Amino acid sequence: MNPELTREIQRRRTFAIISHPDAGKTTLTEKLLLYGGAVQLAGSVRSRRNQRATSSDWMKLEQERGISVSSTVLQFEYQGHVVNLLDTPGHRDFSEDTYRVLTAVDSVVMVIDAGKGIEERTRKLFEICRMRHIPIFTYINKMDRPAKDPLALVDELENVLGIHAFPVTWPLGDGPDFRGVYDRVTQQLHLFESVAKGSNRAMVEVTGATDPRIADMIHPDRYGTWLEQLDLLAGAGAEFDVARIHQGELTPVFFGSAMNNFGVQLLLEYFVRHGMPPRPRPSSQGLIEPDAPEFSGFVFKVQANMNPNHRDSLAFIRVCSGIFEKDMVVPNPRDGRPLRLAYPQRLFGQERESVERAYAGDIVGLVSHGGFRIGDTFATAPGLRYHEIPRFAPEVFAFLHNPTPSKYKQFREGLDQLLAEGVIQVFQIDHGASRVPLLGAVGQLQFDVVRYRLESEYGAESRLETAPYHEVRWVDPAVDVSKLAGAYLGTNVTLAKDIAEAPVLLFPDAWSVAYFQEKHEGVVLHTMSPLDQAAT
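Note that the structure is a prediction, hence the values are computed from the model and not measured. (Residues numbered from 1 in each chain as written. Predicted model: local features only at pLDDT ≥ 70, side-chain atom pairs only at ≥ 80, totals over all residues. Heavy atoms only, no water.)

Q: Describe the nonpolar core, naming the residues involved and giving the relevant values.
A: If you look at the biggest cluster of nonpolar residues, it comprises 91 residues, and the most contacted ones within it are L28 and F300. Considering each element in turn, this core owes the most residues, seven residues, to helix α10 (residues 264–274). Judged by nonpolar contacts, the second largest core, of 17 residues, contains F324, V330, L366 and F372. (Core = buried A, V, L, I, M, F, W, Y, C linked by side-chain atoms within 4.5 Å. Buried < 20%, exposed > 50% of the residue type's maximum accessible area, 1.4 Å probe, protein only. Helix = DSSP H or I, 4+ residues; strand = E, 2+ residues; numbered from the N terminus.)

Q: So what about the pattern of salt bridges? Which residues, and what values?
A: Pairing between side chains of opposite charge can happen when their charged atoms approach one another. Per the stated rule, a full pass over the model turns up 23 salt bridges. Between R12 and D362 there is a salt bridge, with its nearest N and O atoms 2.9 Å apart. Placement of the pair is R12 in strand β1 (residues 12–19) and D362 in the loop between β21 (357–359) and β22 (363–367), with a sequence separation of 350 residues. Across this residue pair, the class does not change: R12 and D362 are buried. The shortest N-O distance in the salt bridge between E249 and R244 comes to 3.6 Å. Overall, the relative accessible area of 38% leaves E249 in the partly exposed class. (Salt bridge = Lys/Arg side-chain N within 4 Å of Asp/Glu carboxyl O.)

Q: A description of the sheet that holds strand β8 (residues 180–183) should follow, citing residues and the corresponding values.
A: As summarised here, the arrangement of the four strands in space is β7-β8-β9-β10, forming an open sheet in which the pairing is antiparallel. Bordering the open sheet on either side are β7 (169–172) and β10 (203–207), each of which pairs with just one other strand. When the angles between neighbouring strand axes are averaged without regard to direction, this sheet yields 25°. With four bridges joining them, β7 and β8 adopt antiparallel strand pairing. Bridging across to β8, W170 finds its partner in Y182. (Pairing = 2+ DSSP bridges. Axes fitted to C-alpha atoms, helices over the stretch in contact; angles between N-to-C directions.)

Q: Account for the sheet that holds strand β25 (residues 425–429), with residues named and values stated.
A: The eight strands are arranged β27-β24-β26-β25-β29-β30-β28-β31 in an open sheet whose pairing can be described as antiparallel. Unpaired on one side and paired on the other, β27 (463–466) and β31 (525–526) mark the two borders of the sheet. Alignment of β25 against strand β29 (residues 494–497), held across two bridges, turns out to be antiparallel. Across the sheet, I429 pairs through a bridge with A496, a residue of β29. Where helix α14 (residues 510–519) meets the sheet, its contacts fall on β28 (471–475), β30 (503–507) and β31, and the angle it forms with β30 comes to roughly 125°. (Contact = heavy atoms within 4.5 Å.)

Q: Help me get a handle on the packing of helix α2 (residues 25–35) against α10, residues and values and all.
A: Running from N to C, α2 and α10 point in directions that differ by 75°, and their axes come no closer than 10 Å. When the axes of α2 and α10 are compared, the pair comes out roughly perpendicular. Between α2 and α10, the residues in contact are L28, K31, L32 and Y35 and V264, Q265, L267 and L268, respectively. When its residues are assigned to classes, the contact of α2 with α10 shows six nonpolar, one polar and one charged. (Parallel < 35°, antiparallel > 145°, perpendicular 65-115°, else oblique. Nonpolar A, V, L, I, M, F, W, Y, C, P; charged D, E, K, R; others polar.)

Q: Could you give an account of the packing of aromatic side chains, naming the residues involved and the relevant values?
A: The tally for this structure, following the rule as stated, stands at 19 aromatic pairs. Ring centres of F178 and F262 lie 5.7 Å apart, and the angle between their planes is 50°; this geometry places the pair in the tilted category. In this pair, F178 is assigned in the loop between β7 and β8 and F262 in the loop between β11 (250–255) and α10, connecting sequence segments 84 residues apart. Taken as a pair, F178 and F262 share a single burial class, namely buried. Pairing Y223 with W226 gives two aromatic rings, centres 6.1 Å apart and planes at 25°, and the pair type is stacked. With a gap of three residues between them, Y223 and W226 both fall in helix α8 (residues 220–235), about one helical turn apart. A relative accessible area of 3% means that W226 is categorised as buried. Three or more aromatic residues joined by ring pairs make a cluster, and in this case those are F166, F240, F254 and Y270. Sitting over the ring of F166, R184 keeps its end group 4.7 Å from the ring centre. Sitting over the ring of Y270, R273 keeps its end group 4.9 Å from the ring centre. (Phe/Tyr/Trp six-rings, centres within 6.5 Å; stacked < 30°, edge-to-face > 60°. Lys NZ or Arg CZ within 6 Å of the ring centre and 35° of its normal.)

Have a look at this one:
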């Protein structure tokens with residue numbers, strides 16, 4: 001047993017923030033960085049008066065629209081712990097990118113709008129976390145606005161999501177009357193005062209629940225109700241149980257306002273103390289413990305042009321076991337030849353710094369120049385593979401044309417790099433008269449981002465032509481595809497190949513899928529690539 005390795009692993013906390021769009025996810029990200037000492041002045045997604053971009057939203061498109069469409073890796077130290085924070089896209093069209101990020105974390109923070117409660121996107125992301133047994137910390141945000149009754153919000157968590165909830169903090173008031181939160185574990189009331197519209201840490205005064213001044217802060221009737229709620233919670237008999245949190249059975253709940261920095265520090269303090277350290281990972285060689293001596297990790301994200309001056313791609317690797325060291329040599333995941341992992345970097349938004357060592361739980365960026373793919377495993381142990389990364393079936397399809405032949409090189413280079421990122425999927429139609437790529441995406445916004453980035457980062461214009469497909473099915477490897485090539489497949493049903501040369505069938509609608517299967521009973525179809533099924 002390596003004492004240094006064990007110590008460093010226990011210090012790691014790697015997590016993502018998930019939420020429905022507009023619940024305040026990116027704002028909370030920025031405020032966690034503020035309290036973690038990673039930034040001195042918090043930017044705001046909602047206010048662009050100063051054109052101060054958040055540290056996590058680095059892409060110009062994100063800054064213009066005030067949304068997150070890419071995941072970002074941020075690392076900082078807090079109270080002796082190394083915190084790896086992965087910001088995720090909020091828009092549903094980028095759910096595939098969010099899912100990939102969730103394969104690389106050990107915990108999540110779920111942000112809920114106090115005025116709206118559980119929303120559709122929150123519920124879907126929660127189900128992914130439940131499927132992967134990821135511990136969840138809940139932050140009920142926007143208490144500075146009119147909010148639902150806090151007891152109703154906790155009840156909604158338990159009934160709608162089916163998880164036990166333990167309110168660690170309890171809000172004193174809401175909207176303009178929101179004054180602070182009561183820590184039920186330490187039995188201390190934290191009274192807040194906003195500073196510089198949330199760009200600096202909030203002023204905090206710690207007192208008790210029966211401080212006579214509280215009656216002057218909120219209406220006496222509301223104060224009495226608040227004390228009754230605290231008694232009701234105390235009588236419920238629930239306990240703050242770290243083991244149940246780590247098992248994903250119990251979510252600790254925190255109330256606050258990320259915009260005003262209320263309750264953010266308490267969330268961060270509890271998370272670093274009680275969040276899940278790096279966990280064992282299933283692999284082709286069984287369960288791999290984080291303190292195993294052999295280094296291993298997998299690529300969960302590839303990002304091109306984080307710095308346009310570099311014109312390179314960065315492959316983000318989640319270290320799963322052992323110690324990563326700069327310039328270490330591992331087998332290439334595709335051909336087995338020795339591969340030197342040079343120029344490892346730690347990311348903070350667009351900023352980079354060189355990494356000499358990293359431990360299980362850390363995220364390392366490697367300059368790839370297009371050579372690394374999402375899902376690649378790097379390991380010193382021969383033959384070790386992680387099967388963590390599935391692909392979602394696209395729901396919208398379009399042909400992407402290059403209207404400027406003189407810019408073909410830029411068009412092709414840009415598209416190849418974006419395909420390596422997994423932003424979209426590409427298909428090639430068999431016997432197609434042209435080599436115009438057919439793109440598949442989960443949502444239309446993905447096409448908008450591809451076109452935007454082709455022009456802004458590579459100087460290549462593009463034209464989108466809607467394709468008549470809405471369903472894709474992968475053909476089972478045991479099927480003789482040559483027999484399908486000359487057969488009648490159905491109206492507007494087309495045989496194609498994906499980026500891995502696996503045969504697929506493209507359908508205009510679900511009815512066409514059912515009709516095909518009725519007429520071709522012996523042809524087994526899959527909703528995802530057979531190569532990806534081990535990842536689910």
